[in-house]
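# Survey of secondary and tertiary structure
One letter stands for each residue in the lines below.
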Amino acid sequence: MYLSRWISRRRVNKIMYGHQILSIFERISALGIVESQKAFSISWCGKSGDLLRDYGRRGGATARVNPRVVARLRQRLAEAATLLPKDLAEEVREIDAAIVQHVYVADLLGRRSFR
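Residues numbered from 1 in each chain as written. Predicted model: local features only at pLDDT ≥ 70, side-chain atom pairs only at ≥ 80, totals over all residues. Heavy atoms only, no water.

## Section: the overall build of the protein
Summing up its helical and strand segments, the protein has 6 helices and 2 strands in all. Counting from the amino terminus, helix and strand elements in the protein follow one another as α-β-α-α-α-β-α-α. (Helix = DSSP H or I, 4+ residues; strand = E, 2+ residues; numbered from the N terminus.)

## A look at the packing of aromatic side chains
Applying the stated criterion to the full structure yields 2 aromatic pairs. Within the aromatic cluster, the residues linked to one another by ring pairs are Phe25, Phe40 and Trp44. Stacked on the ring of Trp44, the Lys or Arg Arg76 has its end atom at 5.0 Å from the ring centre. (Phe/Tyr/Trp six-rings, centres within 6.5 Å; stacked < 30°, edge-to-face > 60°. Lys NZ or Arg CZ within 6 Å of the ring centre and 35° of its normal.)

## Some points on the side chain of Gln20
Of note, Gln20 is situated in helix H2 (residues 18-31). Among the residues examined, Gln20 registers a relative accessible area of 4% and is labelled buried. Those residues in contact with Gln20 that sit more than four places away from it in its chain are His102, Val105 and Ala106. (Buried < 20%, exposed > 50% of the residue type's maximum accessible area, 1.4 Å probe, protein only. Contact = heavy atoms within 4.5 Å.)

## Concerning the packing of H2 against helix H3 (residues 37-44)
Following both chains from N to C, one finds H2 and H3 inclined at 105°, their axes separated by 11 Å at the closest point. As judged from the angle between their axes, H2 and H3 are roughly perpendicular. Within the contact between the two elements, H2 uses Ile21, Phe25 and Ile28 and H3 uses Gln37, Phe40 and Trp44. Here the contact of H2 with H3 is built from residues that sort into 5 nonpolar, 1 polar and no charged. (Axes fitted to C-alpha atoms, helices over the stretch in contact; angles between N-to-C directions. Parallel < 35°, antiparallel > 145°, perpendicular 65-115°, else oblique. Nonpolar A, V, L, I, M, F, W, Y, C, P; charged D, E, K, R; others polar.)

## Let's talk about the nonpolar core
Across soluble globular proteins, you tend to see nonpolar side chains buried next to one another. Membership of the largest hydrophobic core comes to 27 residues, with the highest contact counts inside it found for Ile21, Ile28, Phe40 and Leu73. Among the elements of the structure, H2, H3, helix H4 (51-56), helix H5 (67-83) and helix H6 (86-113) are those that each provide at least two residues to this core. Leaving out residues up to four positions away in the same chain, Leu73 has contacts with Ile21, Ile24, Ile28, Phe40, Trp44 and Ile99. (Core = buried A, V, L, I, M, F, W, Y, C linked by side-chain atoms within 4.5 Å.)

## Here's the deal with the pattern of salt bridges
A complete count under the given rule lists 5 salt bridges for this structure. In this structure, the salt-bridge partner of Asp50 is Arg53, at a minimum N-O distance of 3.5 Å. On the basis of relative accessibility, which here comes to 34%, the residue Asp50 falls in the partly exposed class. Under the relative-accessibility criterion, Arg53 is labelled partly exposed at 42%. Between Arg76 and Glu79 there is a salt bridge, with its nearest N and O atoms 3.5 Å apart. One end of the pair is Arg76 and the other is Glu79, both in helix H5 and 3 residues apart, which spans about a single turn. (Salt bridge = Lys/Arg side-chain N within 4 Å of Asp/Glu carboxyl O.)

That's the geometry; what it means functionally is another story.
Structure follows, in structure tokens:
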């Protein structure tokens, strides 16, 4: 909760890195909510079916994820949490909390790279 308030107060560039969105996909996939990388890329991220494949390629793990993708993903998670049973909804909220933490880490790394 603290990180979520920190992000909303600051003008944080809400980015993540490729390896972070891949780990989020793996967690969502483990819950059985999404079937494939292509379906995740299209319906959860609002991008082409190749989005996750591109992040899985050489150099893609350190590529920045568009802030709109992060926002769309968090929005879809919030929608899913309202439709799922209580136990799965709690796990989806934990995934959202992990995204907030990833954004925080990406922001710290981004500030350090400009010095």
